[in-house]
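What follows is the residue order along each chain.
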Amino acid sequence: MTEKSKALFSRAACLMPGGVNSPVRAFKAVGGNPLFIDRADGCKIYDADGNAYIDYVSSWGPMILGHNNAAVREAVLGAASKGLSFGAPTEAEVKLAEKIVSLSPCAEMVRMVNSGTEAVMSALRLARAYTGRSKIIKFEGCYHGHADSMLVKAGSGALTAGVPDSLGVSNSVAVETLTASYNDLASAEALLKSCDVACVIVEPVAANMGVVLPREGFLSGLRALCDAYGALLIIDEVITGFRLGSGGAQEYYGVKADLATYGKIIGGGMPVGAYGGRKEIMELVAPSGPVYQAGTLSGNPVAMAAGLAQLNALENQDVYSHIGRMGAKLAAGLAAIAKRQGLKACVNQVGSLACLFMGIESADDYESVKKADTGLYARYFREMLAAGVYLAPSQFEAMFVSYSHSEADIDETLNKAEQALKRAA
Ligand code: KE4
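Cut-offs used in this document
- Residues numbered from 1 in each chain as written.
- Predicted model: local features only at pLDDT ≥ 70, side-chain atom pairs only at ≥ 80, totals over all residues.
- Heavy atoms only, no water.
- Pairing = 2+ DSSP bridges.
- Helix = DSSP H or I, 4+ residues; strand = E, 2+ residues; numbered from the N terminus.
- Contact = heavy atoms within 4.5 Å.
- Axes fitted to C-alpha atoms, helices over the stretch in contact; angles between N-to-C directions.
- Near = heavy atom within 4 Å.
- Polar contact = N/O pair within 3.5 Å; in protein donor to acceptor, adjacent residues only side chain to side chain.
- Areas by Shrake-Rupley, 256 points an atom, 1.4 Å probe, with all protein chains shown as cover.
- Nonpolar A, V, L, I, M, F, W, Y, C, P; charged D, E, K, R; others polar.
- Buried < 20%, exposed > 50% of the residue type's maximum accessible area, 1.4 Å probe, protein only.
- Arc of directions from axis to C-beta.
- Salt bridge = Lys/Arg side-chain N within 4 Å of Asp/Glu carboxyl O.
- Parallel < 35°, antiparallel > 145°, perpendicular 65-115°, else oblique.
- Left-handed = near helix turned anticlockwise from the far one by under 90°.
- Phe/Tyr/Trp six-rings, centres within 6.5 Å; stacked < 30°, edge-to-face > 60°.

Q: Account for the sheet that holds strand E16 (residues 399-400), naming residues and giving values.
A: Spatial strand order, E13-E14-E16: three strands in an open sheet with antiparallel pairing. This sheet does not close on itself; its edge strands, each paired only once, are strand E13 (345-350) and E16. Pairing of E13 with strand E14 (residues 353-358), which is carried by six bridges, proceeds in the antiparallel orientation. Its bridge partner being in E14, Cys346 is matched across the sheet by Phe357. Sitting on the sheet, helix H11 (residues 318-340) touches E13, E14 and E16, and the angle it makes with E13 is about 175°.

Q: Would you mind going over the site of the ligand in detail, with residue names and values included?
A: Lining the immediate environment of the ligand, one finds 16 residues, of which Ser22, Thr117, Asn208, Asp236 and Glu397 sit closest. With respect to the ligand, the side chain of Asn208 contributes an N or O atom lying 2.4 Å from a nitrogen atom. Measuring from a nitrogen atom of the ligand, one finds a side-chain N or O atom of Glu397 at 2.8 Å. Here the ligand loses 86% of its free accessible area of 530 Å² to cover by the protein chains. Looking at the shell around the ligand, its residues break down into five nonpolar, seven polar and four charged.

Q: Mind laying out helix H6 (residues 185-194), listing which residues take part and the relevant values?
A: Of all the residues in H6, the buried ones are Ser187, Ala188, Leu191 and Leu192. On an axial view of H6, the arc spanned by its buried residues comes to 135°, and they lie on one face. Seen from the open side of H6, the exposed residues pointing more than 90 degrees away from its buried face are Ala186 and Lys193. For H6, the secondary structure elements touched by its buried residues are strand E5 (135-140), strand E8 (177-181), strand E9 (197-202) and helix H7 (218-229). Here H6 starts with a cap whose side-chain oxygen sits 3.1 Å from the backbone nitrogen of Ala186, and that cap is Asp184.

Q: Go over the side chain of Thr240 with me, naming the residues and quoting the values.
A: Looking at where Thr240 falls in the secondary structure, it is placed in the loop between strand E10 (232-236) and helix H8 (248-253). Since its relative accessible area comes to 1%, Thr240 is described here as buried. Setting aside anything within four residues of it in sequence, one finds Thr240 in contact with Pro204, Val205, Gly248 and Ala249.

Q: Before we move on, could you go through the pattern of salt bridges and cite the residues and values that matter?
A: Evaluated as defined, the whole model comprises 18 salt bridges. Note that Arg278 and Glu280 form a salt bridge whose closest N and O atoms lie 2.9 Å from each other. Judged by relative accessible area, Arg278 falls into the partly exposed class, the value being 26%. The partner of Glu418 in a salt bridge is Arg340, and the shortest N-O contact between them spans 2.5 Å. Of this pair, Glu418 sits in helix H14 (residues 407-424) while Arg340 sits in helix H11, and the two are 78 residues apart along the sequence. Each member of the salt-bridge network shares a partner with another, and the members are Arg223, Asp227, Asp258, Arg278 and Glu280.

Q: Provide a residue-level description of the packing of H6 against H7, including the pertinent values.
A: One way to put it is that H6 packs onto H7 with a least axis distance of 10 Å and a crossing angle of 10°. Here H6 is positioned roughly parallel relative to H7, judged by the angle of their axes. For the pair formed by H6 and H7, the contact residues are Leu185, Ala188, Glu189, Leu192 and Lys193 on the first element and Phe218, Gly221, Leu222, Leu225 and Tyr229 on the second. In terms of residue class, the contact of H6 with H7 is made up of seven nonpolar, one polar and two charged.

Q: Pulling in residues and values, what's your account of the pairing of E5?
A: Sheet topology note: the E5/E9 ladder contains three bridges and is parallel. The partner of Lys135 across the bridge, within E9, is Val197. Bridging between E5 and E8 involves five bridges; their strand directions are parallel. Residue pairing across strands places Lys138 opposite Thr179, the latter belonging to E8.

Q: Can you lay out the packing of H11 against H14 for me, pointing to particular residues and giving the numbers?
A: Where H11 meets H14, the axes come as close as 10 Å, and the angle between the chain directions of the two elements is 20°. In terms of orientation, H11 and H14 fall into the roughly parallel class. For the element pair H11 and H14, the recorded crossing hand is right-handed. Counted together, Met326, Lys329, Leu330, Gly333, Leu334, Ile337 and Arg340 of H11 and Glu407, Ile410, Asp411, Thr413, Leu414, Ala417, Glu418 and Leu421 of H14 form the full contact between these two elements. Of the residues that constitute the contact of H11 with H14, the class distribution is eight nonpolar, two polar and five charged.

Q: If you had to explain the packing of aromatic side chains to someone new, which residues and values would you point to?
A: Inspection of every chain in the model, using the stated rule, returns ten aromatic pairs. One aromatic cluster is present, built from ring pairs that chain together Phe27, Tyr53, Phe381 and Tyr390.

Q: Talk me through the sheet that holds E8; I want residue IDs and the actual numbers.
A: The strand order E4-E12-E11-E10-E9-E5-E8 describes an open sheet built from seven strands, whose pairing is mixed. Each of the sheet's edge strands pairs with one partner strand only, and the pair in question is strand E4 (109-113) and E8. Going across the sheet, the axis of each strand differs from the next one's by a mean of 20°, ignoring polarity. As judged from the four bridges shared by E9 and E10, these two strands associate in the parallel manner. The partner of Val200 across the bridge, within E10, is Leu233. Each of E4 and strand E11 (259-262) touches helix H3 (residues 91-103); the most contacted strand, E4, lies at about 130° to it. Helix-sheet contacts for H7 involve E5, E9 and E10, and the interaxial angle to E9 is about 170°.

This is the structure in C-alpha cells:
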C-alpha cells in the first residue's frame, strides 16, 4: 500500500519537473511511481505509508554510517541551536578542512562548496587556469555532476571534439571536452597526443555505470600520461572519497591526484562538496588568486558539523572492515544466486560498493555495460521493492552498504533476491 506516495507524487508532478528534484529519483528507468520517504533509521528507510525497506541507495552515498546516526544528529542539532548560517568564517569549517587535508592523499588545501557538481566545476576551472589550457578529457560512462562541460559525449570520430549530451549545452562548450574509453589507456593517450589538455577527470571506480572497477594499471597509467603531457589529473572522489577507506580511492589504488573532488560523505547527509590539491594550485583560487569561485552557503556551519561528526565517526576503523565484509558477502551471495538460477549476470564489488549487472557476463568498460538487460533489472527492482528492499532505481547505479547493514540484513536481502530473481526472470 503506497497511497500517500501516489497522492504526493501527483501533487509533486505539477510543481517540479518529473515530480522530483533529481531525475534518477523518478523511477523512469524501472517503471512505477517513486516512493516518498518519510524517515530513515540505521539501514532502513520508511515511506509515507509507513512501509519499511532495507536501503541500498543510502542517499546515493552520504549515509555510510547508516541513517539517523546519533553523533551526526547531535552535531547538527547542536550547531543549528547556535544559528544556521552567517556568511562568514567559522571554526566549524576550519575543523572540517583540517580533517579533509589530514586524510586526503593530495590535498594541502581545500575549498568547501555545496555539491559534487560545484566541486567538479570549480576544479575544472582551476585546472584550466593552472595549465593555461582549455581542453578537458573525461571518460564515457563516467558522471561528474551536471556542469555544462561534463554533459558532453564523444563526437563522431574518436579523436574529434565532444558534442552536447544535454539540450542547453552549447557546442562551443562541448568542443572543449574530449571523451576517452574507461579502462582504455590508449584512448586517453591518443587524445593527449592530439592537443594540449588542461586535465583528465576520472572516477577512480566508475560508479555511475553500475560499478566498473579500474583495470590493473589504468589509474597509474593515467597518472603517468598526465605527467608526460603536462595535464592535471583530477580524481573525482565524490563517491569513493572516505568510502573506500579514510584515504579514499587514491590510497586504495595508490594513485595521487593533482586535484581531488569530494562530496556526499563529507557532508554527513547535508549539502557539502569540496575540491583540494597542492597549495601551488589551490592558491590560484580567489581571493588568494585570480580563479573566481564563491558560494553563499559554502562552509555552512550546520553542514560542516554534520560532515565533521561523520568523518570523526569513520576513524573507528571497524567501519571500513565491516562495510567491506558486508559488501563482499552481498556480492558473493548475489553471484551465487544468479549462478544457481542459470541467470546470465555478473556482480562487481569493491568495499561497500556493488552492482548486479543483468544479462551480461562481464562489466569492465562502458561498451560491455551498455549491453546489460535493463528490462530484467527493472523487473528485479520492482520485485525487491515489493519485498521491502530499496535498490537503486537504475541498472547503472551502485548499491551502497552502510555500517548499519548487519549480517542478518544481508542474509534477508539475499533471501529476497533469490525469490525476486526467480519471479523477474
Ligand atoms: P552532486 O552534484 O549530485 O552532489 O554530485 C555530482 C557527482 C559528481 N561526481 C560523482 C562521481 C558522482 O557520482 C556525482 C553524483 N552522483 C549521483 C549518483 N550516481 C547523484 C544522484 C543524483 O544525481 O540524484
